[in-house]
Amino acid sequence: MSEYLVHLVEDEANLSEVLKAYLEKEGWSVRVFTDGNAAQEAISEQQPHLWILDIMLPGTDGYQLLKQIKEKGDTPVIFISARDQDLDRVLGLEMGSDDYLAKPFLPQELIIRAKKLLNRVYGSSSQEQRKIEINHYVIDPVGRTVIDQENNDESVDLTTKEMDLILLLTGDIGKAFSRERIIEHVWGENYFGSERAVDDVVRRVRKKMPRIHLETLYGYGYRVLSS
């Protein structure tokens, strides 16, 4: 993943720390603002690749910030809010926000949305653009699609977690991934459920993509082999 500069505007200290950690884990640089006035001053400085804005802020609110950001240029913006979800979503999109997340949300969901938005606006690296061809399946990491060439090029309908799993495993053919690593990638670090959730997703992927050699490593996890 390319290194991006992200401006995160969030006055809840605990949430901003968690989100900052997740964003930095992607290799991105993050500048955090805890009030609207400080963020407003930064608009006239070097523009980031992405703004993540809370709506309710001390000082200048998110709506005013969004207006000024869009007047300055076309930097993408993700709005986050715990208020009236439908109203905030409509107003935000009308004012030019590129995406919206209602609180509470999983940090991993923000990361997924941010990746898609950054890839759409700035393009992906050559590694991310590379399509994976295995056993007559064509897997597109950017478009998050799977095409079955042996079945008239039909699209394989995968859920978000099924797609995250298959992208992880096919991104490094032959590499063994522990259940813990899979959970961290697919569900996020704050997941506290059973590891059997991994087995359930694997079972569904095997049913939908029967030619994928998805091998079980008993007592450890899974890997995908080339044939």
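To start, this report covers the structure provided alongside it. In this text the structure is predicted, and so the values were computed from the model without any measurement.

### With respect to the overall build of the protein
Reasoning step 1: Within the protein, the regular secondary structure consists of 9 helices and 12 strands.
Reasoning step 2: Here the analysis covers contacts within the protein between residues at least 6 apart in sequence; of these, 57% occur between residues at least 24 apart.
Reasoning step 3: Put simply, the protein shows about 11700 Å² of open surface, and 46% of that area lies on carbon and sulfur atoms.

### Some remarks on the environment of V224
Reasoning step 1: Its location among the elements puts V224 in strand 12 (residues 221-225).
Reasoning step 2: For V224, a relative accessible area of 0% corresponds to the buried category.
Reasoning step 3: Those residues within four positions of V224 in sequence are excluded, and the remaining contacts are I134, L169, T170, I173, G174, I212, H213 and L214.

### Focus on helix 9 (residues 196-208)
Reasoning step 1: Taking 1.5 Å of rise per residue, 13 residues should cover 18 Å, and helix 9 covers 19 Å from first to last C-alpha, within 8% of that figure.
Reasoning step 2: Looking at helix 9, one finds that the buried residues are A197, V198, V201, V202 and V205. Seen end-on, helix 9 carries its buried residues on one side only, within an arc spanning 135 degrees. Set apart from the buried face of helix 9 by more than 90 degrees, the exposed residues are R196, R203 and K207.

### Looking at the sheet that holds strand 4 (residues 77-81)
Reasoning step 1: The sheet built from 5 strands is open, its strands ordered 2-1-3-4-5 with parallel pairing. The strands lining the two open edges of the sheet, one partner per strand, are strand 2 (29-33) and strand 5 (99-102). The average undirected angle you get between the axes of adjacent strands in this sheet is 15 degrees.
Reasoning step 2: Two strands pair when backbone bridges link them, and strand 1 (residues 5-9) and strand 2 are joined in this way by 5 bridges, in the parallel orientation. Within strand 2, the residue paired with H7 across the bridge is R31.

### Section: the pattern of salt bridges
Where side chains of opposite charge bring their charged atoms close, a pairing between them can arise.
Reasoning step 1: Taken as a whole and assessed by the stated rule, the structure comprises 16 salt bridges.
Reasoning step 2: Taking the shortest distance from any N to any O, the salt bridge between R113 and E109 comes out at 3.2 Å. Separated by 4 residues within a single helix, R113 and E109 lie in helix 5 (residues 107-122), roughly one turn from each other.
Reasoning step 3: Overall, the relative accessible area of 32% leaves E109 in the partly exposed class.
Reasoning step 4: Among the charged side chains, a salt-bridge network with shared partners connects E10, E12, D54 and K103.

### A short note on the sheet that holds strand 10 (residues 177-178)
Backbone-to-backbone hydrogen bonds pair the strands of a sheet. The strands run either parallel or antiparallel.
Reasoning step 1: Read across the sheet, 3 strands follow the order 10-12-11 without closing on themselves; strand pairing throughout is antiparallel. This sheet does not close on itself; its edge strands, each paired only once, are strand 10 and strand 11 (213-217).
Reasoning step 2: By the bridge criterion, 2 bridges tie strand 10 to strand 12 in an arrangement that is antiparallel. Bridge pairing in strand 12 places S178 opposite G221.
Reasoning step 3: Packed onto the sheet, helix 7 (residues 160-170) meets strand 10, strand 11 and strand 12 and runs at close to 65 degrees relative to strand 12.

Rules behind the numbers
Residues numbered from 1 in each chain as written. Predicted model: local features only at pLDDT ≥ 70, side-chain atom pairs only at ≥ 80, totals over all residues. Heavy atoms only, no water. Helix = DSSP H or I, 4+ residues; strand = E, 2+ residues; numbered from the N terminus. Contact = heavy atoms within 4.5 Å. Areas by Shrake-Rupley, 256 points an atom, 1.4 Å probe, with all protein chains shown as cover. Buried < 20%, exposed > 50% of the residue type's maximum accessible area, 1.4 Å probe, protein only. Expected span 1.5 Å × (residues − 1). Arc of directions from axis to C-beta. Pairing = 2+ DSSP bridges. Axes fitted to C-alpha atoms, helices over the stretch in contact; angles between N-to-C directions. Salt bridge = Lys/Arg side-chain N within 4 Å of Asp/Glu carboxyl O.

Function cannot be read off these values alone, since they describe shape.
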